[in-house]
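So you can see what is in the structure, the chains are spelled out below.
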Amino acid sequence: MTTRNLEALFEPRSIALIGASSRPGSVGQVAARNLTAAGFAGSISFVNPHETEVAGRTVARTVADLAEAPDLALIATPAATVPDLVSELGRGGCRAAVVLSAGFEAPGEEMRLRQAVLDVARPHLLRIVGPNCLGVLSPASRVNASFAHVMPDAGGVALVSQSGAIAAAALDWAPAHGVGFSHVVTVGDSADVDVGDLLDYLATDRATRAVMLYLEGVGDARKFMSAARAAARNKPVAVLKAGRSAEGAKAAFSHTGALAGAEAVYDAALRRAGLLRVETLDALFDAILAFNAGLSTCGERLAILTNGGGAGVLAVDALEVTGARLAEFGPETLAALGAVAPPHSSRRNPVDILGDARPDLYGRAMDVLLAAAEVDAVAVFNCPVAVADSSEAAQAVIEAARRAKRRLPVLGAWLGETAAQPARAKFAAAQIPAYATPERAIAAFAQLVRARRAHDLLIEAPGADPAPFDAKSARAVVEDALAQGRTTLTDPEARSILRAYGVPVVQSLSAETPQAAGQAAARLGGRVALKILSRDISHKSDVGGVRLGLAGAAEVELAARDMLASVTAMRAAAKIDGFVVERFIERPHAEELLAGLVQDPTFGSLVMVGQGGIAVQVVSDRTLGLPPLNAPLARDMIARTRVARLLAGYRDRPPADVAALERVLVALGGLAIDLPEVTELDINPLLCDAEGVLAVDARIAIRRPDAATPRPAIMPYPAQLARDVEIGGERLHIRAIQPQDAAGLVDMVDRSDPRDVNLRFSGGMRHLTPELARRLSQIDYDRHLGLVAVDASGATIGVVRLVRDPEGESGEFSLMVRSDHQARGIGGRLLQLIVDYARSVGLTTVWGDVARANDRMRALAYELGFAALPSKDSSRVRVTLRLASSRRPIAAPAPAGSQGSG
């Protein structure tokens, strides 16, 4: 369950407080006061066997004594009583309960009591928030089901917190800054309702413009990622993730595992989900200010207006480290500034209008900057002076922002405290975020820029692998090693795995004896590297198991005998399998990189890249990414490493072939999906220069997957759905939609009859914009499936899609076939395929809203067994098909009859 019955939390018809109390300072007393004082329009009832009246209201002795079952129950009783109370509430028809009670965390009791609550709630679909939480507040509905000390104003920002203390701090901070909330939810121990559920609800909540999260951990990674990605597509989501210390990092088999660390994993996950991660509580509050004002994202070109040069300098210093930049004014903007600014003021960016700047000068300068095409946002500062009124200057800025034709983000910083307070109050009332210092304003601007970048990456959805991988041969190697009871692969086995996934590896030969090693060197010719071969030794250089630059059979044989003696002395228990002789690679301009995989217990396998070599752990330069990857996602990973600056080239070193490195990361992402048995993979070094990449050394750890093995946090591209069909004498290829289909969708709509387009898309749309086409083709396959039919020329001639509800029980379909290919059975085949898919994944219902005028689409739906249901929209008909769920692979469907666009 996810969003089912959550509306009872935020818009209940009635509320009952179980454990209401008149004892001053008790949770029951505060909760009763909050409920009654909030102005809730529905009925409120209290239950307590030991009280007769609380807050002027008669108190029922038991839940059974209530006149009616409440929509929402607020429970503030000892933990041991909660299961029976929830059971009784559920039987009466209560739909949601907020459990404030602590005590579930007691040793030995936590799991038993929590499970007991869930067991009695689930048969009634009664949703549980908590236990051990501050509660739920929904100001627009006047719901204060909490023991918080203040009721916030209604606003557009939702706050979801895994800490009641952080939520209480935000509630206390908000009034002074003019911030209101749509909803505030503290999830406590998240026995039932968790952050993912709430993100799913808030993603489509019209009262919520932005979401703020305080996060300490994630349970179900795929559920969280799907919900977070869905929410972030619709509105900005900022998250403060606590617990950044390195203590969570565990010792691991390879450098890769040792470098991973819990925080690096969360960085990767939150970034891939399109969320804006902030580092401090101050930064979270700054983001709330910006999002509360309706700001979401913006470009990177900032104009700065100030009456003090020092404030401008501080802002520029702060801007430099954000990756954003000052706007470069064009001739028209410079001339316009010259016409309004004093003679000795600076017309360049930052624009310094001097300390005696009057309010009207602020207004005229703002008019110029807000109209400049080369400006994406304006930061405006004021330092208090005796000759000009700071509050009036703020009013001038507010009026300029109101009359501007371009709605650019405006961020203020009125310095000081006493003189600045009236101005900040005006900004708060006008919904313009105002900060105490230039640095804070610049940090908030940087958040908006990062939010845009995160949103841009969010639409990257890797499709089918661009190059075929030999997963079958790689799996055979892994299965053979597991059958022998091994947990690591030998050097030759690791190289064979990499070759199967297209990763270039250095040429090498295996040898069982020193004499055979010499012979192998002779066959390779030239200088060689000699390495010990042992499944018990991971880091060969630590035991003297690596010799470089050897030449000739005699030298190699002698070095092998010395190495064998040395390694045996240091690791007597290790089983020595022989030696690996490989060509000695001399690429003096190559950077030594680390690339690999690490398996996180929550988010599953992640791809890693960074600076390599023997000092890899000291340098600690790495970034992680969730598979599957595509080239843009891999490129973003590389760009976030420090070694990326070296790869760009310097002095006599030409730029490295970064595209080749991207292909390696994409391949590793594919390997992680195909081979969940691989728990760690470490390529170090991976040489990268202008000639490409070359894996010199690799280690791979394996383990048979079991119930504890985490699944991929992001569902990969469903390549197994592809098929070739013949319909009406035409050969078509049907497969899951992928990002490169965006142009084909635009073309399909453009080549269709306007009437068909209007039937498919409400609102009079005639053409598919490239942006909408990208959104339709770059999807989260866990929630959303699109199938495209492509003809022999590569043109898209039909598309059907299914969007699953968060509960995983029903899905909405939509269908369109290009006008000149209709009435051939293509639409029927596509719709049948999507119905078969829905059945295979366990959905019970497939439905769609079809234009009433679309007779052919309705006829097709009825032919496939859909039934018409009443619709609130008189222009559309809802058609619904009940399924017998079977969770089986999709069978090839029989040809269907006529079709149309739905």
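Just so it is clear, the structure is predicted and the values come from calculations on it, not from any experiment. (Residues numbered from 1 in each chain as written. Predicted model: local features only at pLDDT ≥ 70, side-chain atom pairs only at ≥ 80, totals over all residues. Heavy atoms only, no water.)

1. Observations concerning the packing of aromatic side chains
(1) Moving on: The tally for this structure, following the rule as stated, stands at eight aromatic pairs.
(2) Moving on: Put simply, the rings of Tyr-362, Trp-414 and Phe-427 pair up and form one aromatic cluster.
(3) Moving on: Across from the ring centre of Tyr-266, 4.4 Å away, lies the NZ or CZ of Lys-241, which sits over that ring.
(4) Moving on: Taking NZ or CZ as reference, Arg-878 lies 4.0 Å from the ring centre of Trp-847, over its face. (Phe/Tyr/Trp six-rings, centres within 6.5 Å; stacked < 30°, edge-to-face > 60°. Lys NZ or Arg CZ within 6 Å of the ring centre and 35° of its normal.)

2. Brief notes about the sheet that holds strand S7 (residues 127–129)
(1) Moving on: Pairing within the open sheet is mixed, and its seven strands lie in the order S3-S4-S2-S1-S5-S6-S7. Two strands bound the open sheet, and with one partner strand each, they are strand S3 (53–54) and S7.
(2) Moving on: Lying on the sheet, helix H3 (residues 82–92) is in contact with strand S1 (14–18), strand S5 (72–75), strand S6 (96–99) and S7; it crosses S5 at an angle near 165°. (Pairing = 2+ DSSP bridges. Helix = DSSP H or I, 4+ residues; strand = E, 2+ residues; numbered from the N terminus. Contact = heavy atoms within 4.5 Å. Axes fitted to C-alpha atoms, helices over the stretch in contact; angles between N-to-C directions.)

3. What about the nonpolar core?
(1) Moving on: With 68 residues, the main nonpolar core has Leu-199, Phe-224, Leu-275 and Phe-603 as its most contacted residues.
(2) Moving on: No other element matches the seven residues that helix H7 (residues 221–234) contributes to this core.
(3) Moving on: Sequence-distant contacts of Phe-603, that is, excluding residues within four places in its chain, are made with Val-218, Ala-221, Met-225, Val-265, Tyr-266, Ala-269, Leu-626, Arg-711 and Ala-713.
(4) Moving on: Met-765, Val-817, Leu-843 and Val-879 belong to the second largest nonpolar core, which has 55 residues in total. (Core = buried A, V, L, I, M, F, W, Y, C linked by side-chain atoms within 4.5 Å. Buried < 20%, exposed > 50% of the residue type's maximum accessible area, 1.4 Å probe, protein only.)

4. Some details on the pairing of strand S30 (residues 698–702)
(1) Moving on: With five of five residues buried, S30 lies mostly within the body of the structure.
(2) Moving on: Side-chain alternation along S30 places Ala-698, Ile-700 and Ile-702 on one buried face and Arg-699 and Ala-701 on a second face that is also buried.

5. What to know about the sheet that holds strand S37 (residues 867–869)
(1) Moving on: What the eight strands build is an open sheet, ordered S31-S32-S33-S34-S35-S36-S38-S37; its pairing is mixed. Each edge of the sheet is formed by a strand with only one pairing partner; in this case those strands are strand S31 (723–727) and S37. Going across the sheet, the axis of each strand differs from the next one's by a mean of 25°, ignoring polarity.
(2) Moving on: Relative to strand S38 (residues 876–882), strand S36 (residues 845–851) runs antiparallel, the two sharing seven bridges. By the bridge assignment for S38, Gly-848 is matched with Val-879.

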